[in-house]
Amino acid sequence: MPRPALIQKPLSILFAAQMYLAMGVVGLVMLPAALISRDGAIRACKLFCGWVRFTARLMLGIDTRIEGVVPTGPALVAAKHQSFLDVLLIFAALPRPRFVMKAELLRMPVFGWYVRRLGCIPVARGGGAAAVAAMVAAARGEEGQVVIYPQGQRLRPGATAPYKYGTAALYADLGLPCVPVATEAGHVWPLGPWRKAGRATVRFLPALPPGLPPEDLLARLQAVIDPESERLSHEHHRHAG
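Residues numbered from 1 in each chain as written. Predicted model: local features only at pLDDT ≥ 70, side-chain atom pairs only at ≥ 80, totals over all residues. Heavy atoms only, no water.

(A) Main features of the sheet that holds strand 5 (residues 145–148). Spatial ordering of the open sheet is given by 1-7-6-2-5-3-4, a layout of 7 strands whose pairing is mixed. Looking at the sheet topology across the chains shown, the edges are occupied by strand 1 (62–68) and strand 4 (121–123). Within this sheet the neighbouring strands show an average axis-to-axis angle of 20°, counted without direction. Strand direction decides the pairing type here: strand 2 (residues 75–79) and strand 5, joined by 4 bridges, are parallel. Bridged to Val77 within strand 5 is Val147. Its contacts with the sheet place helix 4 (residues 84–93) against strand 1, strand 2, strand 3 (97–102), strand 5, strand 6 (178–183) and strand 7 (198–204), and it is angled at close to 50° to strand 1. In the packing of helix 7 (residues 165–174) onto the sheet, contacts are made with strand 2, strand 3, strand 5 and strand 6, and the angle to strand 5 comes to roughly 165°. (Pairing = 2+ DSSP bridges. Helix = DSSP H or I, 4+ residues; strand = E, 2+ residues; numbered from the N terminus. Axes fitted to C-alpha atoms, helices over the stretch in contact; angles between N-to-C directions. Contact = heavy atoms within 4.5 Å.)

(B) Up close: the environment of Glu235. The residue Glu235 is located in helix 8 (residues 214–240) in this model. Taking C-alpha positions, Glu235 is 9.2 Å from Glu184, a pair spaced 51 residues apart along the chain. The contact partners of Glu235, leaving out residues within four places of it in the chain, are Arg199 and Arg203. A polar atom in the side chain of Glu235 sits 3.2 Å from the side chain of Arg199. (Polar contact = N/O pair within 3.5 Å; in protein donor to acceptor, adjacent residues only side chain to side chain.)

(C) Looking closely at the packing of helix 7 against helix 8. Where helix 7 meets helix 8, the closest approach of the two axes is 9 Å, and the angle between their N-to-C directions is 120°. Relative to helix 8, the element helix 7 lies oblique. Crossing of helix 7 over helix 8 shows right-handed handedness. Contacts between helix 7 and helix 8 pair Tyr165, Thr167, Ala168 and Tyr171 from the former with Pro214, Leu217, Leu218 and Leu221 from the latter. The residue inventory of the contact of helix 7 with helix 8, partitioned by class, reads 7 nonpolar, 1 polar and no charged. (Parallel < 35°, antiparallel > 145°, perpendicular 65-115°, else oblique. Left-handed = near helix turned anticlockwise from the far one by under 90°. Nonpolar A, V, L, I, M, F, W, Y, C, P; charged D, E, K, R; others polar.)

(D) Representation of the nonpolar core within the structure. Ranked by size, the top nonpolar core spans 47 residues in total, and within it Phe15, Leu85, Ile90, Phe99 and Phe204 carry the most contacts. Only helix 1 (5–29), helix 3 (38–60), strand 2, helix 4, strand 3, helix 5 (111–117), strand 6 and strand 7 provide two or more residues apiece to this core. Per element, the largest residue contribution to this core is 10 residues, and it comes from helix 3. When residues no more than four places from it in sequence are discounted, the contact partners of Phe15 are Val52, Thr55, Ala56, Met59, Leu60 and Trp189. The next biggest cluster of nonpolar side chains, apart from the first, holds 23 residues, and it includes Tyr171, Leu218, Leu221 and Ile225. (Core = buried A, V, L, I, M, F, W, Y, C linked by side-chain atoms within 4.5 Å. Buried < 20%, exposed > 50% of the residue type's maximum accessible area, 1.4 Å probe, protein only.)

Rendered as structure tokens:
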């Protein structure tokens, strides 16, 4: 059951404080292992993801779910982005994720150290064709799953935006299947400080084969990700009711 708003707001503040404290503690304690190997960095980040999921359920009543067939081999993962929570759930699900992210995040203390060690792929916003080419070059040569947000931004539930060419450029260069991912996590973890009790899901959808024309790929991604995210939103409201 959703907690009353007067209780939920103080709990949201307390939850955020302990989450960022845990990020610093886990990051520093696990730093030696992360420096030794990428696997050490992955373990540290998965530990943090697990902690956030546990405390979100305990403190806020947020039930997190990972559904569908999660790719275990090399793949391009194209996901809807509504909140930091869907990032954590995708990372928790994938064996060796590498996220495409805005370059300024690499300058953050602790967080930035780890995303570099994980092999995450920086992209300069507004950099045009040169930024896309640099992103594609940076994505090559490491095993695992490359995660990109094809709309290039966080969106509230129900909102949409054009699917950008960078996803198609990565897909063509890597020659990997593309796995769409839908979510409704923005309902419980919206932009801003307040959190809401309820269900948050990331749903992995059937993979698209390599070799599709760029326009076909983007059209097919939009045709499955947006409607499935809307279905999850309707399920969320039925569950909450």
